[in-house]
Amino acid sequence: MIWGLLAALGWGSADLGATVGGRRIGSFPTVIIAQAFSALATTVILLASGRGIDRLGSIIWILVVNGVVTSSAYYMHYRALELGPMVVVSPIGASYAVVGVALAIVILDERPGLLALVGAIVTIGGVMLTSTDLPKLRAGTHGRPPGLWWAVGAAICFGIAAFTLGRAAQLVGWVPGLWASRIAQVICFAPLVVVRRREFVGLAAAGVGLALLTGLADLLGVVTYSIGSERGYLSIVLAASAVFPMIAVAGSVAFLGERPVSNQYVGVAIAALGLLLLGRSAA
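Cut-off values and rules
- Residues numbered from 1 in each chain as written.
- Predicted model: local features only at pLDDT ≥ 70, side-chain atom pairs only at ≥ 80, totals over all residues.
- Heavy atoms only, no water.
- Helix = DSSP H or I, 4+ residues; strand = E, 2+ residues; numbered from the N terminus.
- Buried < 20%, exposed > 50% of the residue type's maximum accessible area, 1.4 Å probe, protein only.
- Contact = heavy atoms within 4.5 Å.
- Areas by Shrake-Rupley, 256 points an atom, 1.4 Å probe, with all protein chains shown as cover.
- Salt bridge = Lys/Arg side-chain N within 4 Å of Asp/Glu carboxyl O.
- Axes fitted to C-alpha atoms, helices over the stretch in contact; angles between N-to-C directions.
- Left-handed = near helix turned anticlockwise from the far one by under 90°.
- Nonpolar A, V, L, I, M, F, W, Y, C, P; charged D, E, K, R; others polar.
- Core = buried A, V, L, I, M, F, W, Y, C linked by side-chain atoms within 4.5 Å.
- Patch = residues over 30% accessible without salt bridge, like charges linked within 9 Å, V, L, I, M, F, W, Y side chains within 5 Å.

Participant: Help me out: how do you make sense of the overall build of the protein in this one?
Facilitator: Looking only at helices and strands, the protein features 13 helices and zero strands. If you list the helices and strands of the protein from N to C, you get α-α-α-α-α-α-α-α-α-α-α-α-α. Within the protein, the fraction of its 283 residues that count as buried is 52%. Residue pairs in contact within the protein that sit at least 24 positions apart in sequence constitute 93% of those at least 6 positions apart. Of the accessible surface of the protein, which amounts to about 12300 Å², a share of 71% is contributed by carbon and sulfur atoms.

Here it is in structure tokens:
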């Protein structure tokens, strides 16, 4: 479970960086810079580890699916963060774990136990409540706000991406699996970069810096998630990693001056209870 929490720390920090950076230089340059940095970093990790890539041929179909859905997920998610509001994007984003956990149970026949399943459900529910500002929703932001459908598409794709990345780590090890995933993603992005190359002209240095920091935070997320997937149940790691919107909410409070509402405090308590149940189930 600890690996899932570390992944949440990375992804939550990446969301905060993507939100600010995307509004300065645009969502597409932000995602490309961040993921290009991630691909370069994982290449360095692969070379430093001395691990071979000869086994990747046996999971080529997983890598193809992962490359397509991961590139789609990042593009849609960063686009949703650019459009906002975060009150909509964050809770929908957390639902990716539902998709991933369901795939792990159905395809891999994982049986993490009743306590773990209850913990996963409680954790995800608490996270969605924490990252939702109910007064704003009641005020009308639930009426197809900007970024809504981008966020829904991203959540579905992230669920599939998390499952395929975790499965690759289980089959060939987290280092080759993660490297291949990042490279496949860059390959999928390449045609779009050529078509939209003008968007990279004259980018503000501050925005580029934020995009690189976003890539660094995302790297922490995918590395720790991959390690956790290799060592344990995908369903448990996925559920624990779903708390990442809580990191983004905390960051918005600390750095953007936002103030939590009462239901968000309740959500934190519920998510903490869910994580406690997950921890007890893994003990």
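Participant: So what exactly am I meant to see when it comes to the environment of Gly126 here?
Facilitator: Along the chain, Gly126 turns up in helix 6 (residues 114-130). On the basis of relative accessibility, which here comes to 0%, the residue Gly126 falls in the buried class. Each C-alpha atom of the pair Gly126 and Ala269 lies 7.4 Å from the other, and the pair is 143 residues apart in sequence. Not counting residues within four places of it along the chain, the set of residues in contact with Gly126 comprises Gly267, Ile270 and Ala271.

Participant: Where do I start with the pattern of salt bridges in this structure?
Facilitator: Think of it this way: side chains of opposite charge can pair up when their charged atoms draw near. All told, the structure shown has two salt bridges when counted by the stated rule. Residue Arg182 pairs with Asp218 through a salt bridge whose shortest N-O separation is 3.7 Å. You can see Arg182 sitting in helix 9 (residues 174-195) and its partner Asp218 sitting in helix 10 (residues 205-231), a full 36 residues away along the chain. Accessibility expressed as a relative area gives 3% for Arg182, which makes it buried. Among the ionic pairs, Arg196 bridges to Glu199, the shortest N-O distance being 2.6 Å.

Participant: I'm lost on the side chain of Ser27 in this one. Help?
Facilitator: Checked against the element boundaries, Ser27 lands in helix 2 (residues 27-49). By relative accessible area, Ser27 is classed as buried at 5%. Excluding residues that lie within four positions of it along the chain, Ser27 makes contacts with Gly22, Tyr78, Arg79 and Glu82.

Participant: Would you take a moment to explain the environment of Gly52 for this structure?
Facilitator: Residue position: Gly52 is located in the loop between helix 2 and helix 3 (60-83). Accessibility expressed as a relative area gives 42% for Gly52, which makes it partly exposed. Along the sequence, Gly52 and Pro176 sit 124 residues apart, while their C-alpha atoms lie 7.2 Å from each other.

Participant: Looking at this model, I keep getting lost on the packing of helix 3 against helix 8 (residues 148-172). Mind explaining?
Facilitator: Helix packing geometry: the angle between the two helix axes and the distance between the axes. Put simply, helix 3 and helix 8 touch, their axes get as near as 7 Å, and they point 145° apart. Along this stretch, helix 3 crosses helix 8, giving a crossing that reads as left-handed. Considering only residue class, the contact of helix 3 with helix 8 consists of 19 nonpolar, six polar and two charged.

Participant: In this structure, what is going on with the nonpolar core? I would like to understand it.
Facilitator: Nonpolar side chains in soluble globular proteins generally cluster together in the buried interior. By size, the foremost hydrophobic cluster in this structure holds 62 residues, and its most contacted members are Trp11, Tyr74, Tyr96 and Tyr225. A per-element tally of this core places helix 8 first, with 10 residues. Once residues lying within four places of it in the same chain are set aside, the contact partners of Tyr225 are Trp3, Ala7, Trp11, Ala162, Phe163, Leu165, Gly166, Leu234, Val237 and Leu238. Membership of the second largest hydrophobic core comes to five residues, among which are Ala80, Ile92, Leu148 and Ala151.

Participant: Would you mind showing me how to read a nonpolar patch on the surface here?
Facilitator: Taken together, the side chains of Ile60, Trp61, Val64, Val65 and Val68 define a hydrophobic patch exposed on the protein surface, amounting to about 480 Å² of accessible area. Counting through the fold element by element, Val64 comes out in helix 3.

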